[in-house]
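Inside the fold
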Amino acid sequence: AQTVTQSQPEMSVQEAETVTLSCTYDTSESDYYLFWYKQPPSRQMILVIRQEAYKQQNATENRFSVNFQKAAKSFSLKISDSQLGDAAMYFCAYRSNSGNTPLVFGKGTRLSVIA
Amino acid sequence: GAGVSQTPSNKVTEKGKYVELRCDPISGHTALYWYRQSLGQGPEFLIYFQGTGAADDSGLPNDRFFAVRPEGSVSTLKIQRTERGDSAVYLCASSFSLSTEAFFGQGTRLTVV
């Protein structure tokens, strides 16, 4: 079974600075997707960024980018120019592209942004 | 609707009671997922539907939990004989297909006292 590990329960960053959230995963598959979700206090999970495993180029979405290291099974999220609205729980998630499988989530990292 | 809607937003029930949690997915989305998120944890998969049928219910913890989606749209998660350990946020998500992005609702916070 696939597992996702987030080793940082909490992180903090100064406003306008850069922070990196770590994620590692375990799988024997070669075709899959990786995601970062943001969960504010409203509880709604919001997709931040996604990465297809077959793509070597790291995904970027405005201030959010990933460092995808397939051989190391590592998928970190970098948030640049952090804003107060970035404060939330961040979850790393995995989904196989073979068969019908749901998302597998890590335990999350709570990000605080300091003004 | 504009997004995935879950009702109620919060539910407090007594141990041993029966509860139903409702999920109204985005119109046209054929895939629907239920997750449970305990305090301090990531969401854990319970069950998902493709259309009206449960394609995978391997995440349901025991036979007290059951979910239906009779017309391929709204889904109801049913919990019988609730226990304090069932207290959690129950999240619902839907997607156009199993391979496209899933959109989440705001969840139902269930508290069993």
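Keep in mind it's a predicted model, so treat the numbers as computed, not measured.

1. Some points on the interface of chain B and chain A
In this complex, chain B contributes 23 residues to the contact, which on the side of chain A involves 17 residues. Buried area between chain B and chain A, summed over both chains or domains, comes out near 1,700 Å², and the portion from carbon and sulfur atoms is 50%. Counting every contact that joins chain B to chain A gives zero salt bridges. In this assembly, chain B and chain A are joined by six residue pairs in polar contact (both at pLDDT 80 or more). Only β4 (31-37), β5 (44-50), β9 (88-95) and β11 (108-112) of chain B provide two or more residues apiece to the side of chain B that touches chain A.

2. With respect to the packing of aromatic side chains
According to the stated counting rule, one finds 16 aromatic pairs over all chains in the structure shown. Between the aromatic rings of A:Y25 and A:Y32, the centroid separation amounts to 5.4 Å while the plane-to-plane angle is 65°, which identifies the pairing as edge-to-face. Measuring from centroid to centroid gives 6.0 Å for B:F45 and B:Y48, while their planes differ by 55°, and the two rings are tilted. By the burial criterion, B:F45 is buried, and B:Y48 matches it. Ring pairing ties together the aromatic residues A:Y33, A:F35, A:Y37, A:F91, A:F105, B:Y33, B:Y35, B:F45, B:Y48 and B:F104, which thus form one cluster.

3. Brief notes about the sheet that holds strand β7 (residues 65-68) of chain B
All names here are of chain B. Strand order in this open sheet of four strands is β1-β3-β8-β7, and the pairing throughout is antiparallel. With partners counted over all chains shown, the strands left at the sheet margins are β1 (5-7) and β7, one partner each. Going across the sheet, the axis of each strand differs from the next one's by a mean of 15°, ignoring polarity. Relative to strand β8 (residues 75-79), β7 runs antiparallel, the two sharing four bridges. Paired with A67 across the bridge in β8 is L77.

Criteria and cut-off values
Residues numbered from 1 in each chain as written. Chains lettered and ligands numbered in written order. Predicted model: local features only at pLDDT ≥ 70, side-chain atom pairs only at ≥ 80, totals over all residues. Heavy atoms only, no water. Contact = heavy atoms within 4.5 Å. Buried area = accessible area lost by both parts, 1.4 Å probe. Salt bridge = Lys/Arg side-chain N within 4 Å of Asp/Glu carboxyl O. Polar contact = N/O pair within 3.5 Å; in protein donor to acceptor, adjacent residues only side chain to side chain. Helix = DSSP H or I, 4+ residues; strand = E, 2+ residues; numbered from the N terminus. Phe/Tyr/Trp six-rings, centres within 6.5 Å; stacked < 30°, edge-to-face > 60°. Buried < 20%, exposed > 50% of the residue type's maximum accessible area, 1.4 Å probe, protein only. Pairing = 2+ DSSP bridges. Axes fitted to C-alpha atoms, helices over the stretch in contact; angles between N-to-C directions.

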